[in-house]
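Breakdown of the fold
What follows is the residue order along each chain.
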Amino acid sequence: MTNFLEQFIASIVTGATYGLLAIGFNLIFGILGLIQFAHWEVYMFGGFMGLMAAWFLQANLVVVLLAGMISAGVLGMIIEKIAFKPIRSQSTDIGFFASIAVSIILQNVALKIWGTEWTAFPNLISPGSFSLGPIQVTKIQLIVLGVVILLLVGLRMVLYRTKIGVAVRAVTVNRNAATLMGINTDTTISISFGVASALAGAAGVIMGVYYQMVWPLMGGTTGLKAFIAVVIGGVGSLPGSVIGGVLLGIAEGMGAAFISSTWRDGISFGVLVLVLLIRPAGLFGGKSA
Amino acid sequence: MTPERKQLVVLCMVAIATLAIPVVYPAPYVLRLMVLIFIYSILSMSLNVLAGYAGMISLGHAAFFGLGAYTTAVMSAKMGLPFIPCFFASALVPAVIAAVYGAIVLRSLRYIYFTLASWGLLEILNSIYLNVSYLGGPNGIRGIPDIVILGIRIGSDISFFYFSLVFAVLTLISCELLILSRVGRAWTAIRENEVVAGVMGIDAYRYQLLVFMITSCFAGIAGSLFAYYESFISPVSFSVWESIFLFCMLLVGGRRSLIGSVVGTAIFVLLPEVLRGMGDYRMTVYGVILLVVILFKPTGLVPQRYIILGLKGA
């Protein structure tokens, strides 16, 4: 039983991180209708930038996190300017393939720079665990969970309490009307991209810290799961992505622990198809096709 | 010379040049690339019909490619059956799976949700290939025998060159005929505006199911040829990246132009070889080229539908 609960807690922690990744993805989808396939590479890049900060600046967790977030945010904005803005007027299918192209480029640049193997992430959190009744919860798990919650709350506050947040929401609902209201859509879209990518970068650092390693292909494997989380939670719904992420984390963690891990991907996609058939808009999705 | 005449001349020249390759320059390397181009162009042309004409962006096309390949592999290598039954089964199995899956999925899922569902099918199938030991798991199935038709063995690169060329040409002709037929016009109507098409009496569900089945049939045939040619298959060749790869061929070659898809296929099969000298930078250049084409020539290199031999098309 303790094993079960500990696995459950671990699943929630990874699930929360999937949620963080998914929510950034949903932000971009909401505002542009674009499937940002390169979001996962931005996540990976953020993780690596955090690594660089940890190595060369001997920095602590906060600085590393900020380094990852800022660099990822900047990267996201650059990608938006180069690859997505020029084709914004065309059908969104093209944007999907443009993001795939960017994803290929980023993945291979990372492979070239850092090699195919994983790189160890320095230990930034002193080991230790707490007992919550009969189960052990590690310090890392608590800190990771705390950071994710902090970021999500921060995002919510920005979106609902600040002027730029209103602008983002307005552009998401109706771009033309937002322009008529005097909102600079280009800047708003850039900022949304930046914020979403920064969140992805944070997720990258968090995963690096949690698993104590980063590797250039981590965008692909984790990204896929986060994408499924997006669909389960509802494409276009922000709270949905977090819940979808947590649910997926649980399903995956518990599934891997008790079902053969080689079937995991198939099961994840099976779940995806089921969700699509029963509720294509996801659990909380509002935007239909 | 009228434009049609000019096109005909170019087409003839290309055809003669293609047919002459094994005679003029029979290097195994070149022949191998051409065979792959022929096999993959069957895939990209059928995908063009599915996605370019019927507007169904499916990430699962490689799944049917894989189904065809695995059907052939199992039936020939494991069960020892000859070419004809293996081939027909490889064409039928994907069509049946597409029919069943499509019947369930197309009722309610459109556009991006259909894309996701098709991806889901691919991953589920891949999971099966990877885990079921009879299908070889991650090591795949090896030892697929050569094709033997009426006592003639099609084993060498040269013979397979012509064999696959025949199928590629047949695919081109059948896809063209499909597009020009009533069914093809229905697909175009659905793609342009499903509601209006419905008003005109076109049942989107039925036609989408039909195109899904037909194109997966072609994919299965390509899979069968692939299995026979490589003599060995593994799940790696049928991942979602293969599907994306096929879409790249469409995008670069030209959406809605079947000749364009062949051009795109040729580019993407040859590109890795051409870029081989770049070593580690290969894939990066690949991605850059893709991005550049998308940004600057989004309709692809062969933009319009070529009027082949005077037949007008949509």
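Computed from a prediction, not measured in an experiment: that's the story for all the values here. (Residues numbered from 1 in each chain as written. Chains lettered and ligands numbered in written order. Predicted model: local features only at pLDDT ≥ 70, side-chain atom pairs only at ≥ 80, totals over all residues.)

**Structural notes on the overall build of chain B**
Each helix and strand counted, chain B has twelve helices and four strands in total. Relative to its length of 314 residues, chain B is compact, with a C-alpha radius of gyration of 19 Å against a globular reference of 20 Å. The C-alpha extent of chain B, read off along each of the three principal axes, is 55 × 50 × 45 Å. By the burial criterion, 48% of the 314 residues in chain B qualify as buried. Contacts spanning at least 24 positions in sequence make up 78% of the contacts within chain B whose residues lie at least 6 apart. (Helix = DSSP H or I, 4+ residues; strand = E, 2+ residues; numbered from the N terminus. Rg over C-alpha atoms; globule rule 2.2 N^0.38 Å. Buried ≥ 20, exposed ≤ 12 C-beta atoms within 10 Å, placed from the backbone. Contact = placed C-beta atoms within 7 Å.)

**Side note on the overall build of chain A**
In terms of regular secondary structure, chain A is built from eleven helices and four strands. A compact globule built from 289 residues would reach a C-alpha radius of gyration of about 19 Å, and chain A, at 19 Å, matches this within 12%. Overall, the C-alpha framework of chain A stretches about 60 × 50 × 40 Å when taken along its three principal axes. With 289 residues in all, chain A has 51% of them scored as buried. Here the analysis covers contacts within chain A between residues at least 6 apart in sequence; of these, 76% occur between residues at least 24 apart.

**Things to note about unusual backbone geometry**
With a phi close to 60°, Gln212 of chain A is a non-glycine residue in the positive phi region. Secondary-structure assignment places Gln212 of chain A in the loop between helix H8 (185-211) and strand S4 (213-214). For Ser231 of chain B, which is not glycine, the phi torsion reads 60° and is therefore positive. Counting through the fold element by element, Ser231 of chain B comes out in the loop between helix H9 (204-230) and strand S4 (232-233). Since 16 C-beta atoms lie within 10 Å of it, Ser231 of chain B is described here as partly exposed.

**Considering the interface of chain A and chain B**
Listed by partner, the interface residues are 29 residues for chain A and 32 residues for chain B. Where the side of chain A that touches chain B is concerned, the elements lending two or more residues are helix H4 (92-114) and helix H11 (264-278) of chain A. Examining the composition of the side of chain A that touches chain B, we find that twelve residues originate from one element, H4 of chain A, more than from any other.

**Points about the packing of helix H4 (residues 83-105) of chain B against H9 of chain B**
All names here are of chain B. At a closest axis distance of 7 Å, the pairing of H4 and H9 adopts a crossing angle of 150°. In this structure, H4 meets H9 at a crossing whose hand is right-handed. Touching Cys86, Phe87, Ser90, Ala91, Val93, Pro94, Ala95, Ala98, Ala99, Gly102 and Ala103 of H4 are Leu209, Phe212, Met213, Ser216, Cys217, Ala219, Gly220, Ile221, Gly223 and Ser224, all from H9. Of the residues in the contact of H4 with H9, the class split is 15 nonpolar, six polar and no charged. (Axes fitted to C-alpha atoms, helices over the stretch in contact; angles between N-to-C directions. Left-handed = near helix turned anticlockwise from the far one by under 90°. Nonpolar A, V, L, I, M, F, W, Y, C, P; charged D, E, K, R; others polar.)

**So, the packing of helix H2 (residues 28-53) of chain B against helix H10 (residues 240-253) of chain B**
Residues and elements named next belong to chain B. Between H2 and H10, whose axes approach to 10 Å, the crossing angle comes to 75°. With respect to each other, H2 and H10 are oriented roughly perpendicular. Contacts between H2 and H10 involve Leu43, Ser44, Leu47, Asn48, Ala51 and Gly52 from the former and Leu246, Met249 and Leu250 from the latter. Residues that form the contact of H2 with H10 fall into these classes: six nonpolar, three polar and no charged. (Parallel < 35°, antiparallel > 145°, perpendicular 65-115°, else oblique.)

**Focus on the environment of Phe227 of chain A**
Its place among the elements puts Phe227 of chain A in helix H9 (residues 218-233). Residues Phe227 of chain A and His39 of chain A, 188 residues apart in the sequence, show an inter-C-alpha distance of 9.9 Å.

**A few points about helix H7 (residues 182-192) of chain B**
Restricting attention to buried positions, one finds in H7 of chain B the residues Gly184, Ala186, Trp187, Ala189 and Ile190 of chain B. Where H7 of chain B is buried, its residues contact H2, helix H6 (157-180), helix H8 (194-199) and H9 of chain B.

**Observations regarding H9 of chain B**
Residue and element names in this part refer to chain B. Taking 1.5 Å per residue as the helical rise, H9 with its 27 residues ought to reach 39 Å, and the 38 Å between its terminal C-alpha atoms agrees with that figure. A large share of H9 lies buried, amounting to 20 of its 27 residues. Looking one or two residues past H9, Ser231 carries a phi angle of roughly 60°, positive in sign. (Expected span 1.5 Å × (residues − 1).)

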